[in-house]
Amino acid sequence: MDHVHIQLDMTTFLLITIAMVVATFIIRFSVICMAGSFEMPERLKKTLRFVPVTVLPAIIAVEILGSGSNMEFNLHNPKVLAAIVCTLVSLRFNLIWVVVSGIASLLFFQHMLS
Amino acid sequence: MNKLIKAGLKAIFPLCIGAFPFSFIVGAISISAGMTLGQSTFWSLTVFAGSSQMVALGLIQSSASILVIMLTTFIINLRHLLYSASLSEHIKDYPLHIRALMAYGLTDEVYAATIGEVKQEKVGRHWFYLAAMGGFWMNWVFANFLGALVGSSFPEVAHYGLDFAMVAAFIAIVIPQVKSRECIVAAIVASVTGILLSGLPYSLGLVVAAITGVYAGYRMDLSSERMAATAVKTQETNPIKPLPVTNCEV
């Protein structure tokens, strides 16, 4: 990342902030604001349970393997190894230990593979 | 109420640790993108959307127009539409201003940490949710502030691997949820699609991956139900146990 220290002028900054707040809030509030005024079909409710188990694995996969041409899917990628450790730890221990073991094993594998 | 607030804070705490380095880095980069310490903190406090903030900083540095920044934010956050739909089902009895407040803080982490509890529809569950959300929000702003304060002197902070904490937290959340056949298929389809489309701009691949995965899960549901129905029919002539209908419970 290059260090061009141009200060954002206040108007541009405020416009960017407002634009982003509006874009984010519209989506998050969209269905919640209509809640109760219509009955969600059973089928939709049942299908929505897939949301967390699709979004999170997709984020994880891209984060670990990198995106586009920078992709690295092999055992020389320390993040792949650390993710395997995290998965194993998560079968037995709770979140905090998964995070701790994840960072520790990533540092370990980065050191080993460099 | 106090008990619920404590439980909410406890549920979000590990995710705060996971989000801290991420927000720290966002804060650090925002300085090099031209924000002041005050602007950066205010920005995190109001926008409260990590991946969009990260991408927006890249756009600001390449002097993209405000309209492009807004559209990109919209696309990156489209996945929150599904969270909104999922959450609305369980909070529909609350007045609009409370729901608006809850929607305002509906991030990946807050959704992941609270949906299990909110789903049970116990009285006062909004305290649990608002505590988790508030805790996460304060942590987010504080980490951003620190990142903006000191992170700018370490431009390589993003390479230290600390952002992996976020990934680890996501793994810990998702693994216990992926139990049934339907959920496993949905998760695999989404991951593979996400990887294949990771080259698409603005994290658009993530949106397509989620939709594809959810669709795969839906098709799996239909076929499982058909099999269960067939098993019931067979049972009438040949009494064996019907196939169990499995669920991925959060």
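Residues numbered from 1 in each chain as written. Chains lettered and ligands numbered in written order. Predicted model: local features only at pLDDT ≥ 70, side-chain atom pairs only at ≥ 80, totals over all residues. Heavy atoms only, no water.

- Under an unreviewed UniProt entry, the name given to chain B is Branched-chain amino acid transport protein AzlC, and the source organism is Shewanella sediminis.
- Reading the Sequence similarities (unreviewed entry) entry of the UniProt record for chain B gives the comment "Belongs to the AzlC family." (UniProt positions renumbered as here; feature names shortened; annotations may be inferred.)

- The name given to chain A in an unreviewed UniProt entry is Branched-chain amino acid transport, with the source organism recorded as Shewanella sediminis.

## Things to note about the packing of aromatic side chains
Any aromatic ring pair is given by two values, namely how distant the centres are and how the planes are angled relative to each other.
All names here are of chain B.
Here comes step 1: By the definition in use, this model includes nine aromatic pairs over all chains.
Here comes step 2: Each ring, one from Phe136 and one from Trp140, has its centre 6.3 Å from the other, and the planes form 20°; the classification is stacked. Of the two residues, Phe136 and Trp140 are both situated in helix α8 (residues 125-150); the distance of four residues between them amounts to about one turn of the helix.
Here comes step 3: The class for Phe136 is buried, based on a relative accessible area of 1%. (Phe/Tyr/Trp six-rings, centres within 6.5 Å; stacked < 30°, edge-to-face > 60°. Helix = DSSP H or I, 4+ residues; strand = E, 2+ residues; numbered from the N terminus. Buried < 20%, exposed > 50% of the residue type's maximum accessible area, 1.4 Å probe, protein only.)

## A word on the pattern of salt bridges
Here comes step 1: On inspection of all chains with the given rule, the structure shows five salt bridges over all chains.
Here comes step 2: Here Arg49 of chain A makes a salt bridge to Asp221 of chain B, at a shortest N to O gap of 2.9 Å. Of the two residues, Arg49 of chain A is situated in the loop between α2 (42-48) and α3 (50-65) and Asp221 of chain B in helix α11 (residues 204-237); the pairing between them involves two chains. Neither Arg49 of chain A nor Asp221 of chain B differs from the other in exposure class; each is buried. (Salt bridge = Lys/Arg side-chain N within 4 Å of Asp/Glu carboxyl O.)

## Examining helix α6 (residues 96-104) of chain B
Here comes step 1: Along α6 of chain B, the residues classified as buried are Ile98, Arg99, Ala100, Met102 and Ala103 of chain B.
Here comes step 2: Considering only its buried residues, α6 of chain B is in contact with α1 (10-30) of chain A together with α5 (79-91) and α8 of chain B. (Contact = heavy atoms within 4.5 Å.)

## Looking at empty space enclosed by the protein
Here comes step 1: The tally for this structure, following the rule as stated, stands at two cavities of 30 Å³ or more.
Here comes step 2: The space that makes up the second largest cavity amounts to roughly 30 Å³.
Here comes step 3: Contributing to the lining of the second largest cavity are Val21, Thr24, Phe25 and Arg28 of chain A together with Thr46, Val47 and Tyr104 of chain B.
Here comes step 4: If you list the elements that add at least two residues to the lining of the second largest cavity, you get α1 of chain A together with α2 (37-47) of chain B.
Here comes step 5: When residues of the lining of the second largest cavity are assigned to their parent elements, the largest contribution, four residues, is made by α1 of chain A.
Here comes step 6: For the lining of the second largest cavity, the residue count by class is four nonpolar, two polar and one charged. (1 Å grid on protein atoms, 1.4 Å probe; cavity = no way out; pocket = protein on both sides within 12 Å on 5 of 7 lines; lining within 4 Å. Points joined across faces, edges and corners; volume = space filled by probe spheres on them. Nonpolar A, V, L, I, M, F, W, Y, C, P; charged D, E, K, R; others polar.)

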